[in-house]
Amino acid sequence: MKKLTSALILLLIIVVVGGLGLRHLAQSQMESAIADLRAAIGPGASFTYATAAPRILARGARLTAVTYRNPALTLTASEAIVGRVTGNTIDGQHIGTLTLRQVQIMEPGATASIASLVLKGLVLPNTGPDLFRAPTPPRLDSLTLDSAQLTDLHVAVPAGQTDLTVAHATIRDYGLGRTSHLDVDTLAVQIRLTPTRRIGIGHLRIDGPDFAGQIASLLQSGHLIHTVGRRRFDVSALTIDTASPLLRIGHLEAEQEASASQDELETTITDLTAWPTPPQDQSLLRVIGYDHFAGRIHAVSTIQRQAGTMTLHPLDIDAPEMGHMTIMADLDQIPVDDPANLPETARIVSATIDWQDRSLAGHVLDGLARARQVDAEPYRQQVQAALAASPDPSMQALGHFLVQPDQRLRVMLRPPRPISVLMLGVALSMAGDPSTAGMLGLSISTP
C-alpha cells in the first residue's frame, strides 16, 4: 500500500511539474509567436491586447480586447482565438485558425462591423530582413487563405450615404495565383442619395477568379487586368428598388471561358421583370402601353480581344406578353476591358433580327395613334395602306406583317459602314426614308 501511495504521489508530481513545464513552454511559444506577428505587420502598425492565455494542445492562444492599427485603418475585436501557429517561416507567418468575434474596422470614410470572422490556413507575408529599409505592412493582396467565413457584416460609407449588409459569406482558396470561390447569402445595399436605391441578392456564388490578383491590379494600376481561365457567376433573387420596384431577377447564371486572345461568355437570365425608371409616364414601355417587361434572356457571345470585335450567336429575348426576338450580330469597337462603356463605343457591323410577335406590334401602333391624338383603328389602316403602296419591298413586307402579325418578321442590317449602337433606335425610326434605309443596309422580309 505504501508503495502504491508513493507511486501515485510521484505520478502526481510528474504531472504537475510536467504541466507547469508545458504551460511555461506554451507561454514562451505564444510570446514568440506574438513577437513574430508584430514583426510581420511592419513598424508602421501596432498590435495590442488586454489578456492572452496560451492554448497548450491547440498550439495557440486566446486574446481579449484585441486592437490592430496601421496608418490606413484600425481593427478591434472583443476576442481572438488562435490555433496551430507554426511560427515565422521563410514564406510567412502561418496561422492554422484565427477566430475573431465582435470585430470593428474603421478607416477614413468607412466603417465595418462583423459578428464573427473565422480564418483558416492564414499566411501573413514574411517581409524578411532588409538592411536598407523597414518592412511595409501586409496588403490585402499579399495574404493567403484556405478559407474565411464571416457572419453579420455591416459596412457604412457616410459620404456616399451607403450601407451594405451580408448575413453570411465564405471565400475559399484566396491568394495570388489561386482559383478562388465566393459564396454570399443575403446581401443588401441601400443608397440614400437621391434617387434612393435598394439592392438585394438572395445568394451569390462566384467560382474561378484570382481575387487576390484582381485586388493587386486595382491597387497597382487602378483597373482590373484580363486573366485567362474559366469563371462562373450564379445570382439568385436579385432585386433593385427605388420608391417603386425597378428590377427583379429570379436567377442569373453566367459562364466565361477566357484565353489570351478571346472571351467566350454564355449568360442566362430567368424570371426577369423590369419596370420603367421614374418618371415612368415618359418611358417607352408606358408609351406603347405596357406597365413592365417580363421574360427570359439567353445570350452567347465571343469577343476577339486584339480586334476588339464581338459576335452574338445568338441573343434570345423571350417575353410571353410581347414576343420572341432572336439576334445574330457582329460588332466592333468593343472596349474589351471596360464593358460598362460598351453601349457608347460599340458599332454594328451586321445583324439579323427575327421577331415572333405576340402583342408588341399592336401596342406600337396604338401608342403611335395616341401620340398623334387620333383613333387607333383608322390610324392602323392608314399605316398598313401606306406600307402596302410603298415601292420598297421591305416596307411592303412590314405592311404584310402588320396585317398578319402571327408570322415571323426578319430584319437584316448590312450597313456600308458600321453604325453606332446608340444611333440604331433613331435610325430604325426613320427606316421608311430611303436614304436612312441605305445607310443601315436595311432589308425586311417575312420568311
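Described below are features of the structure shown in this document. Because the structure is predicted, anything quoted here is derived from the model rather than measured. (Residues numbered from 1 in each chain as written. Predicted model: local features only at pLDDT ≥ 70, side-chain atom pairs only at ≥ 80, totals over all residues. Heavy atoms only, no water.)

1. Considering the pairing of strand S12 (residues 245–258)
Right, on to step 1. One ladder, built from 12 bridges, connects strand S11 (residues 229–241) with S12; its direction is antiparallel. Note on S12: the bridge partner recorded for Thr239 is Arg248.
Right, on to step 2. Between S11 and S12, which pair antiparallel one after the other, the connecting turn spans three residues.
Right, on to step 3. Here 11 bridges tie S12 to strand S13 (residues 262–274), and the two strands are oriented antiparallel to one another. Each bridged residue has a counterpart across the sheet, and for Arg248 the counterpart in S13 is Thr273.
Right, on to step 4. What sits between the antiparallel neighbours S12 and S13 is a turn of three residues. (Pairing = 2+ DSSP bridges. Helix = DSSP H or I, 4+ residues; strand = E, 2+ residues; numbered from the N terminus.)

2. Here's the deal with the packing of helix H5 (residues 360–371) against helix H6 (residues 376–388)
Right, on to step 1. Packing of H5 against H6 leaves a shortest axis separation of 9 Å and a crossing angle of 110°. Between H5 and H6, the crossing angle belongs to the class labelled roughly perpendicular. Note on element contacts: H6 touches H5 through Ala376, Tyr379, Arg380 and Val383, opposite Gly362, Leu365, Asp366, Leu368 and Ala369.
Right, on to step 2. Among the residues making up the contact of H5 with H6, the classes are represented as six nonpolar, one polar and two charged. (Axes fitted to C-alpha atoms, helices over the stretch in contact; angles between N-to-C directions. Parallel < 35°, antiparallel > 145°, perpendicular 65-115°, else oblique. Contact = heavy atoms within 4.5 Å. Nonpolar A, V, L, I, M, F, W, Y, C, P; charged D, E, K, R; others polar.)

3. Some remarks on the pairing of strand S14 (residues 293–304)
Right, on to step 1. Across 11 bridges, S13 lies against S14 in antiparallel orientation. Opposite Glu264, over in S14, you have Thr302 as the bridge partner.
Right, on to step 2. Relative to strand S15 (residues 309–319), S14 is paired through eight bridges, and the arrangement is antiparallel. Of the residues in S15, the one forming a bridge with Gln304 is Thr309.
Right, on to step 3. Where S14 folds back on S15, the antiparallel hairpin that results is connected by four residues, among which Gly308 adopts a positive phi of roughly 70°.

4. A short note on H6
Right, on to step 1. Here H6 is 13 residues long and its end C-alpha atoms lie 18 Å apart, about the 18 Å a rise of 1.5 Å per residue gives.
Right, on to step 2. When H6 is considered as a whole, its buried residues turn out to be Tyr379, Val383, Gln384 and Leu387. All buried residues of H6 fall inside an arc of 135° around its axis, so they share one side. Exposed and facing more than 90 degrees away from the buried side of H6 are Gln382 and Ala388. (Expected span 1.5 Å × (residues − 1). Buried < 20%, exposed > 50% of the residue type's maximum accessible area, 1.4 Å probe, protein only. Arc of directions from axis to C-beta.)

5. Overview of the environment of Leu182
Right, on to step 1. Its location among the elements puts Leu182 in strand S9 (residues 181–191).
Right, on to step 2. Sequence separation between Leu182 and Phe233 is 51 residues, and the spatial gap between their C-alpha atoms is 9.7 Å.
Right, on to step 3. With residues up to four places along the chain from it excluded, the contact list for Leu182 reads Thr170, Ile171, Leu204, Arg205, Ile206 and Phe211.

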